[in-house]
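# Chain and residue survey
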Amino acid sequence: MKYLKISKETEEIVKQMTLEEKLGMIHGGQLFQTEGVSRLGIPPLKMSDGPMGVRREFEAALWKGAGHTDDYVTYLPCNSALAATWNRKLASDMGEVLGKEARGRGKDVILAPGINIKRTPLCGRNFEYFSEDPYLTKELAVPFIQGIQKWDVAACVKHFAVNNQETERLSVDVIADDKALREIYLPAFYEAVTKGKSLTVMGAYNKVKGEFCCQSRFLLEDILRKEWGYDGVVISDWGAVHDTGLAANSQLTIEMSVTYDFDQYYMAEPLKEKIRNGEIEEQVIDEKVIRILTLMTRLHMLDGKRKAGSYNAPSHRQKALEVARESIILLKNEKKHLPMDTGGLKELLIIGENANCMHANGGGSAEIKALYEITPLMGIKTLLGGNTQVVFVPGYCREEMKEESSLNWQEDSLRNDKGKEKQAEKNTALHNKRKMLREDAVRMAKEYEHVIFIGGLNHEQDTEGNDRKDMKLPYEQDLLIREILKANSNTIVVLTGGSPVEMGSWISMAPSVLWSWYGGMEGGTALAEALFGKVNPSGKLPETFYKRHTDCSAHAMGEFPGGKTVTYKEGVFVGYRYNDTFAVSPEFCFGHGLSYTTFSYDNAKAVRAKEQTQVFCTVTNTGTVKGAETVQVYLAPLHRKKEEPVQELKGFEKVELEPGESKEICMVIEEDCKGREIRIASSSRDIRSIIKI
Ligand code: GLC
């Protein structure tokens, strides 16, 4: 069989199988599993979402939780948070936790990580993805995948490929030139399957070059199998297959979907029909079954030597906390208002609904039934203990819960004027409620010396199936933040979210700003520790925080969200590659992140060795507290061609230093740097040394 070395036993097993048994293995027989063949000792293949933990148990054939009480799990920080740590070891450790929990929950495939490039800040699933930069994405996704698979669970790197928006995600045809595909959108997938050895890949919903990804010859045969030599299993996204013949004859292995008529899936009865009437060779099914059996062999599902795994272990929660700690980004701290001193802190005012909000159970398929979730308010109260009076006011509120209409939606819609009037009344009521909450918060901000605002986004904005229309903070938060800062100019601003927001209307008024992601079950603990200096923030932005979305190339040069097609006119100029090349200043640049201490960079040098370049630099902690710094290396062409970005990230290393301590670090650049400047930097716009070799 092409692209796969087959064991004799595997071939023997397939020979004993009936056509029905073979077909049962290549399409969903339940929402999250395929059928096994018990008479031959072949188990079903059990899958589960997602990147932030093992999703709750569903009914076999109903999009409804099964109501179990043993499916509470460790709720991990989102993959954007992991990316913000720039810590390869943490990525591997977090992958191990996810793999061990998946095994412990009896799963064979965990549908993670999502590694699509963050082409626009508006994509609803950005929180599930790593970065706008393919190098940073692969440097963290590869160890994450390897960590998962240490536990005899298959990672399922997704969504292959160019699934960079939610709008029309089920059918949009992405038109990207080969240079952009090869340099931006495919490299992380290449590394995930060749270096990460991801045992499965999930095809995306959208089209590429006119073909649906999950039945695409270009993506699955030409690229994945032929060019990359991938011999693993390809699983469709749920409902992403559209044609029996194309799917069967493609390199897709398993069709999953969202409906309950499992026998009617494209690769079920309809395929049996086509085999029976000779339209399709049974051999194409055999090849798919052999890949699945090979996967089961690799996962030790058939030899009794499989790892057991476990979930909700205390060490898993500790790891979640470590990742959350290192993901927090100190964006601004002009007057050193942070860290706040706990000594003598008698009272503290916390404003903002996100202080008291849990995020685990939102966002779409990445939702998690968390064993628990520490909110920022809980984390702060826990850290301060009873000595400080912590007062909380929401400051803003979301949309009112839409009260159930007594009429059914259709009858109701016949009176849309009534509907409109009702909606108008609601908007007024909501506006008035927010005004009251705002005035209440502002009045209190005048009365308290120490105030922290905690706002941002939630999974009403950061969610699967939805893209934001802009980067504006929802729920009139901009006005609230301005008014609070006018009332108390020392207010600390903390924002939570999975993608950047506009800050322009208040950022110059705010002396200190912290960014925290959906930080998992211990996110609130980590945030409290950063606020009060128990932890020194070391996160760096894995994506550009634009001033507004129109400063992003997908909107400035490209097309978004497009219609039936979306053309990536910006080519390779994605994220900082665009902003740096075309001098569009962001609010905060790619790779930015401050610390409670300072670092100096000295003795920069580079040594060429065949296809590699070793870059050395001595970093010193010149401040008074321990801290970690991520040194970044960008390559900049000396004679830039117009189709080249002015610089690209090619290396980084994170180093932790005691006050006064120095360490020499070495970053290996996997390419010859001839004709390019080697920039050693603390961020994409904070270049500390330049070397030419
Ligand atoms: C969803 C998502 C995918 C998820 C799958 C199963 O539609 O696109 O990421 O793993 O279906 O829930």
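Residues numbered from 1 in each chain as written. Predicted model: local features only at pLDDT ≥ 70, side-chain atom pairs only at ≥ 80, totals over all residues. Heavy atoms only, no water.

## Quick notes on the state of the cysteines
Where we set the bar: Cysteine sulfurs are considered disulfide-paired once they come within 2.5 Å of each other. Relative accessibility thresholds used throughout: buried, under 20% of the residue-type maximum; exposed, over 50%; partly exposed, between the two (1.4 Å probe, protein chains only).
One pass over the full model with this rule turns up zero disulfides. There is no disulfide at C78, and the cysteine sulfur nearest it, in C123, is 13 Å away. By relative accessible area, C78 is classed as buried at 0%. Distance from the sulfur of C397, which forms no disulfide, to the nearest cysteine sulfur (C357) is 13 Å.

## Topic: the domain arrangement of the chain
Put simply, the test is: An automatic or database domain assignment provides the domain bounds reported here. It only takes one pair of heavy atoms within 4.5 Å for two residues to be counted as in contact. Take the accessible area each of two parts loses on contact, using a 1.4 Å probe, and add the two losses: that sum is the buried area. Here a salt bridge means any side-chain nitrogen of Lys or Arg lying within 4 Å of a carboxyl oxygen belonging to Asp or Glu.
For the chain, the domain assignment lists domain 1 (43-248), domain 2 (314-581) and domain 3 (599-692). The straight-line distance from the C-alpha centre of domain 1 to that of domain 2 is 26 Å. At the junction of the two partners, domain 1 supplies 68 residues and domain 2 supplies 70 residues. Of the roughly 5500 Å² buried at the junction of domain 1 and domain 2 (both faces included), carbon and sulfur atoms supply 60%. Sorting the residues of domain 1 by area buried against domain 2 places Y75, R119 and L122 first, and these three jointly supply 17% of that buried surface. Counting across the interface, domain 1 meets domain 2 through nine salt bridges. Among the ionic pairs, K369 bridges to D71, the shortest N-O distance being 2.5 Å.

## Section: the sheet that holds strand β21 (residues 612-621)
Let me state the cut-off plainly: Pairing between two strands requires that DSSP report at least two bridges joining them. Working definition: helices are DSSP H or I runs of at least four residues, strands are E runs of at least two. Numbering for both runs from the N terminus. Angular values range over 0 to 180 degrees, each being the angle between N-to-C directions of two axes fitted as lines to C-alpha atoms, with helices fitted over their stretch in contact.
Taking strand neighbours across the sheet as the criterion, the three strands line up as β20-β21-β24 in an open arrangement whose pairing is antiparallel. Each edge of the open sheet carries a strand with a single partner, namely β20 (599-609) and β24 (662-669). Each strand axis lies, on average, 20° off the axis of its neighbour in the sheet, ignoring direction. As paired strands, β20 and β21 are joined by nine bridges and run antiparallel to one another. Counted as the bridge partner of S600 is T620 from β21.

## With respect to a nonpolar patch on the surface
Applied cut-off: Patches in this entry comprise residues that are over 30% relatively accessible and not in a salt bridge; like charges within 9 Å are linked, as are nonpolar side chains (Val, Leu, Ile, Met, Phe, Trp, Tyr) within 5 Å. Areas reported here follow the Shrake-Rupley algorithm with a probe of radius 1.4 Å; residue values treat only the protein chains shown as occluding.
Taken together, the side chains of L62, W63, V258 and Y260 make up a nonpolar region of the molecular surface, amounting to roughly 340 Å² of accessible area. Following the sequence through the fold, V258 ends up in the loop between α9 (244-248) and α10 (269-276). Under the relative-accessibility criterion, V258 is labelled partly exposed at 37%.

## Here's the deal with the site of the ligand
The condition is simple: Proximity is defined per residue: if any heavy atom of the residue lies within 4 Å of a molecule or strand, that residue is considered near it. Whenever a nitrogen or oxygen atom comes within 3.5 Å of another N or O atom, the pair is scored as a polar contact, on the condition that within protein one atom can donate a hydrogen and the other can accept it, and that pairs from neighbouring residues in sequence are kept only if both atoms are in side chains.
The local shell around the ligand holds 14 residues, among which D49, R125, H159, Y205 and D237 are the closest. Between an oxygen atom of the ligand and a side-chain N or O atom of H159, the distance comes to 2.7 Å. In the model, an oxygen atom of the ligand is placed 2.9 Å from a nitrogen or oxygen of the E464 side chain. Coverage of the ligand by the protein amounts to 95% of the 310 Å² it exposes when considered alone.

## Describing the nonpolar core
Test applied: Residue types Ala, Val, Leu, Ile, Met, Phe, Trp, Tyr and Cys, when buried and joined through side-chain atoms within 4.5 Å, form a set referred to as a nonpolar core.
Membership of the largest hydrophobic core comes to 163 residues, with the highest contact counts inside it found for F160, M503 and W506. Of the residues forming this core, the biggest block, eight residues, is contributed by helix α11 (residues 282-298). Beyond its immediate sequence surroundings of up to four residues, F160 is in contact with L186, F189, V201, M202, G203, A204, C213, L219, L220, I223, L224 and W228. Membership of the second largest hydrophobic core comes to 26 residues, among which are L330, M340, I492 and A526.

## Re the pairing of strand β25 (residues 676-683)
With eight of its eight residues buried, β25 lies for the most part within the structure. When strand β22 (residues 627-637) meets β25, the two strands line up antiparallel, connected through six bridges. Residue V633 lies in a different strand from β25, and its bridge partner there is I680. The antiparallel pairing of β25 with strand β26 (residues 686-692) creates a hairpin that spans two residues between the two strands.

## Focus: unusual backbone geometry
With an omega of -5°, the peptide bond between D49 and G50 qualifies as cis. Of note, G50 is situated in the loop between β3 (47-48) and β4 (58-59). The step from F160 to A161 runs through a cis peptide bond, and the omega angle for that step is 5°. Structurally, A161 can be placed in the loop between β7 (154-160) and β8 (173-175). For W86, which is not glycine, the phi torsion reads 50° and is therefore positive. Position of W86 among the secondary structure elements: in the loop between α3 (79-85) and α4 (88-104).

## Side note on helix α5 (residues 134-149)
What counts here: An expected span of 1.5 Å times one less than the residue number is assigned to each helix.
Between its terminal C-alpha atoms α5 stretches 22 Å, which fits the 22 Å expected from 16 residues at 1.5 Å a residue. For α5, a buried count of 15 out of 16 residues is recorded, marking the element as mostly surrounded by other parts of the structure. At the N-terminal end of α5, a side-chain oxygen is found 2.8 Å from the backbone nitrogen of Y135, two or three residues along, and the residue is D133.

## What about the pattern of salt bridges?
Under the criterion given, the structure shown has 62 salt bridges. Among the salt bridges present, the one from K8 reaches E11, with a minimum N-O distance of 3.1 Å. Placement of both K8 and E11 in helix α1 (residues 8-16) is noted, with a separation of three residues, approximately one turn of the helix. The closest approach of N and O atoms between K435 and E439, which form a salt bridge, is 2.8 Å. Linking K435 with E439, this pair stays in helix α15 (residues 416-447), spanning four residues, or about one helical turn. In this structure, a network of salt bridges that share partners links the residues D49, R55, R56, K158 and E367.

## Re the packing of α5 against helix α7 (residues 187-194)
Using the following cut-off: Roughly parallel covers angles under 35 degrees, roughly antiparallel covers those over 145, roughly perpendicular covers 65 to 115, and oblique covers all other angles. In this scheme, a crossing is called left-handed if the near helix is turned counterclockwise away from the far one by less than a right angle; it is called right-handed if the turn is clockwise. When residues are sorted by character, Ala, Val, Leu, Ile, Met, Phe, Trp, Tyr, Cys and Pro go into the nonpolar class, Asp, Glu, Lys and Arg into the charged class, and all the rest, Gly among them, into the polar class.
Two elements in contact, α5 and α7, have axes whose closest approach is 9 Å; the angle formed by their N-to-C orientations is 25°. Judged by the inter-axis angle, α5 sits roughly parallel to α7. Judged by the twist between their axes, the crossing of α5 over α7 is right-handed. Contact with α5, carried on its side by P134, T137, K138, V142 and I145, involves P187, A188, E191 and A192 of α7 and no other residues of that element. For the contact of α5 with α7, the residue count by class is six nonpolar, one polar and two charged.

## Structural notes on the side chain of Q165
Along the polypeptide, Q165 turns up in the loop between β7 and β8. Exposure remark for Q165: the relative accessible area of 3% places this residue in the buried category. Only 2.9 Å separates the side chain of Q165 from the backbone oxygen of P561, close enough to count as a polar contact.

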